[in-house]
Amino acid sequence: MLYSDIRSSFPLLDSTVHGHPLIYLDNAATTQKPQVVIDALCRYYSSQNSNIHRGAHHLAAVATEMFEEVRGKVQRLINAKSSDEVVFTRGTTESINLVASSFGRQNIRPGDEVIVSGMEHHSNIVPWQLAGASLRPIPFSDEGVLDMQTFERLFSPRTRMVAVAHVSNTLGTVNPVADMARVAHAHGVPILVDGAQAVSHLSVDVQALDCDFYCFSGHKMYAPMGVGVMYGKRERLEELPPYQGGGEMISDVSFEKTTFNSLPFKFEAGTPSVADVLGLGAAIDFMMQVGIDNIAQHEEMLLQLAIEKMSQVSGMRFIGTAKGKVSVVSFLLGSAHPYDVGTLLDQMGIAVRTGHHCTQPVMQRYGIPGTVRASFAIYNTADEVDALCHALQRISSML
Ligand code: C6P
């Protein structure tokens, strides 16, 4: 696929903001959607809409078949052993809540521990607290690298789970989750990986990582909002009690007793967001067509350019400088509040995120209120990185 074709696949990128062409650098929050994804949503509602797994009629059969095809696409995307190990959810948050709630009900008692990293998103902290666990955070260096020796020392007879981000949304660090899985398993503890920021940047192989659970959201990988995935190893999912009760997740219901459906349906109570799942399928096709290696290479070029040029802006302080990080650049500019920098960038048509990025413990670790975060995707260009750096130069001289 030609680069110009990739860029022009995203209609929203043609917008203007405050009289400037939009430069969208908030991709870690959500990516824009290519036309093929928008078309998949329109096509579903204009010609395929039906509930799935239920009706005897033609439309129900068509919708069910297309929905289940996407499960196969997800299986291939993350190299799961079986499509039965792929559960559709509303997103990473719901995927982690599903595991924390179901696993917690069965395994977590007051005083039991879950090891998390110090750079987790709140979505991988709060569900474990709600499940009643005490959290043992793995510290990280100023660069944003996890302290693996301390990690090994955090295990105790009460450790029930390791829950860690594959990629930090604030620092961009890629954590060594395959090594962490080996350590966790040596202690007889399962590991959940939060892949929200990984799937759009890296090729993910859940069998090579040997993780027990892997969670991600569609909307950060060019798919619609409202759909995500909880992958679990078959044996783990078989053991886990259901999350929500309702239609589709049962095999037999009476007022005395209910038996549950087989995998993955046991975890998919109620009518799912079929259109969004089909949109996810279209997004996976799009990513496959572009090639994940090409995406990674292009984003790495943008990242290196950004670091080189932003380093020349006076007062620039990067937060998160780990080797091999993905294309997420968090920074502070002199003593300016991140919100002020973000607002000034917005006036120039440049969209970034500011604040704590739902990682307040990271901010506490650095003793800062928040950061400005620019995050790049396949459709961003070197010219846009240049424009960001010029804008930051101007802001730096104004402040
Ligand atoms: N991070 C960001 O701007 P949901 O909202 O369920 O799609 O994803 C939650 C989530 C979980 N883990 C990580 C590592 C994440 O980055 C996110 C979402 C967005 O950084 C919104 S706060």
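Definitions and cut-offs
- Residues numbered from 1 in each chain as written.
- Predicted model: local features only at pLDDT ≥ 70, side-chain atom pairs only at ≥ 80, totals over all residues.
- Heavy atoms only, no water.
- Helix = DSSP H or I, 4+ residues; strand = E, 2+ residues; numbered from the N terminus.
- Rg over C-alpha atoms; globule rule 2.2 N^0.38 Å.
- Buried < 20%, exposed > 50% of the residue type's maximum accessible area, 1.4 Å probe, protein only.
- Contact = heavy atoms within 4.5 Å.
- Areas by Shrake-Rupley, 256 points an atom, 1.4 Å probe, with all protein chains shown as cover.
- Lys, Arg positive; Asp, Glu negative; His and termini not counted.
- Charge placed at Lys NZ, Arg CZ, Asp CG, Glu CD.
- Near = heavy atom within 4 Å.
- Polar contact = N/O pair within 3.5 Å; in protein donor to acceptor, adjacent residues only side chain to side chain.
- Nonpolar A, V, L, I, M, F, W, Y, C, P; charged D, E, K, R; others polar.
- Pairing = 2+ DSSP bridges.
- Axes fitted to C-alpha atoms, helices over the stretch in contact; angles between N-to-C directions.
- Parallel < 35°, antiparallel > 145°, perpendicular 65-115°, else oblique.
- Left-handed = near helix turned anticlockwise from the far one by under 90°.

Caption draft 1: Quick look at the overall build of the protein chain. Counting secondary structure elements, the protein chain contains 14 helices and 17 strands. Taking 399 residues into account, the globule formula puts the C-alpha radius of gyration at 21 Å, and the protein chain, at 22 Å, falls close to it. A principal-axis box enclosing the C-alpha atoms of the protein chain has dimensions of 70 × 55 × 35 Å. Scored against the burial criterion, the 399 residues of the protein chain give a buried share of 55%. Sequence separation of at least 24 residues holds for 69% of the intrachain contacts in the protein chain that already meet a minimum separation of 6. Accessible surface, the protein chain: about 16400 Å² in total, of which carbon and sulfur atoms supply 52%. Here the protein chain holds 30 positive side-chain charges and 40 negative ones, and the gap between their average locations is 5 Å.

Caption draft 2: Quick look at the site of the ligand. Within the structure, the ligand sits among 16 residues, and Thr93, Asp194, Ser217, His219 and Arg353 are positioned closest to it. Contacts to the ligand include threonine 93, whose side-chain N or O atom sits 2.5 Å from an oxygen atom. In the environment of the ligand, an oxygen atom lies 2.8 Å from a nitrogen or oxygen atom belonging to the side chain of asparagine 169. Taking 510 Å² as the accessible area of the ligand by itself, protein coverage stands at 87%. Here the shell around the ligand is built from residues that sort into four nonpolar, eight polar and four charged.

Caption draft 3: Just the side chain of threonine 170, in detail. Within the element layout of this structure, threonine 170 appears in the loop between strand E7 (159-165) and helix H7 (177-186). A residue is classified by how much of its surface remains accessible, and threonine 170, at 0% relative accessible area, is buried. Among the polar contacts listed, one links the side chain of threonine 170 to the side chain of asparagine 169, at a separation of 3.5 Å. Not counting residues within four places of it along the chain, the set of residues in contact with threonine 170 comprises Ile319, Val328, Ser330, His356, His357, Thr359, Val362 and Met363.

Caption draft 4: Expanded view of the sheet that holds strand E9 (residues 213-217). Spatially, E4-E10-E9-E8-E7-E5-E6 is the arrangement adopted by the seven strands of the open sheet, whose pairing is mixed. The open sheet is flanked by strand E4 (86-89) and strand E6 (134-138), the only strands paired with a single partner. Strand-to-strand twist of the sheet, defined as the mean angle between neighbouring strand axes without regard to direction, takes the value 20 degrees. Examined bridge by bridge, strand E5 (residues 113-117) and E6 share five bridges and lie parallel to one another.

Caption draft 5: Representation of the environment of alanine 377 in the model. Along the chain, the position of alanine 377 falls in the loop between strand E17 (371-375) and helix H14 (382-398). C-alpha of alanine 377 to C-alpha of alanine 296: the two residues are 81 residues apart in sequence and 9.0 Å apart in space.

Caption draft 6: Structural view of the pairing of strand E8 (residues 191-194). Burial along E8 is two-sided: Ile191 and Val193 facing one way and Leu192 and Asp194 facing the other are all buried. As judged from the four bridges shared by E7 and E8, these two strands associate in the parallel manner. The residue of E8 that forms the bridge with valine 164 is valine 193. Here E8 pairs with E9 via three bridges, running parallel.

Caption draft 7: Local environment of the sheet that holds strand E16 (residues 353-355). Read from one edge to the other, the open sheet built from four strands follows the order E13-E14-E17-E16, with strand pairing classed as antiparallel. Where the open sheet ends on each side, the last strands, each with one partner, are strand E13 (316-319) and E16. Put simply, the sheet's adjacent strands are angled 30 degrees from each other on average, direction ignored. Relative to E17, strand E14 (residues 328-333) is paired through four bridges, and the arrangement is antiparallel. Along E17, the bridge assignment pairs serine 330 with arginine 373.

Caption draft 8: Structural context of the environment of glycine 104. Take glycine 104: it is sitting in helix H4 (residues 92-107). The exposure class of glycine 104 is buried, given its relative accessible area of 3%. Placed 26 residues apart in sequence, glycine 104 and leucine 130 show a C-alpha to C-alpha distance of 9.0 Å. Setting aside chain neighbours within four positions, we find glycine 104 in contact with Val99, Arg109 and Ala131.

Caption draft 9: Layout of the packing of helix H2 (residues 35-48) against helix H3 (residues 58-78). The N-to-C vectors of H2 and H3 enclose an angle of 160 degrees; their axes lie 11 Å apart at closest approach. Accordingly, the angle class assigned to the pair H2 and H3 is roughly antiparallel. Both H2 and H3 take part in a crossing whose hand is left-handed. Only Leu59, Ala63 and Met66 of H3 make contact with H2, whose side of the interface consists of Tyr44, Ser47 and Gln48. Of the residues that constitute the contact of H2 with H3, the class distribution is four nonpolar, two polar and no charged.

By themselves, these observations are geometric and do not establish any function.
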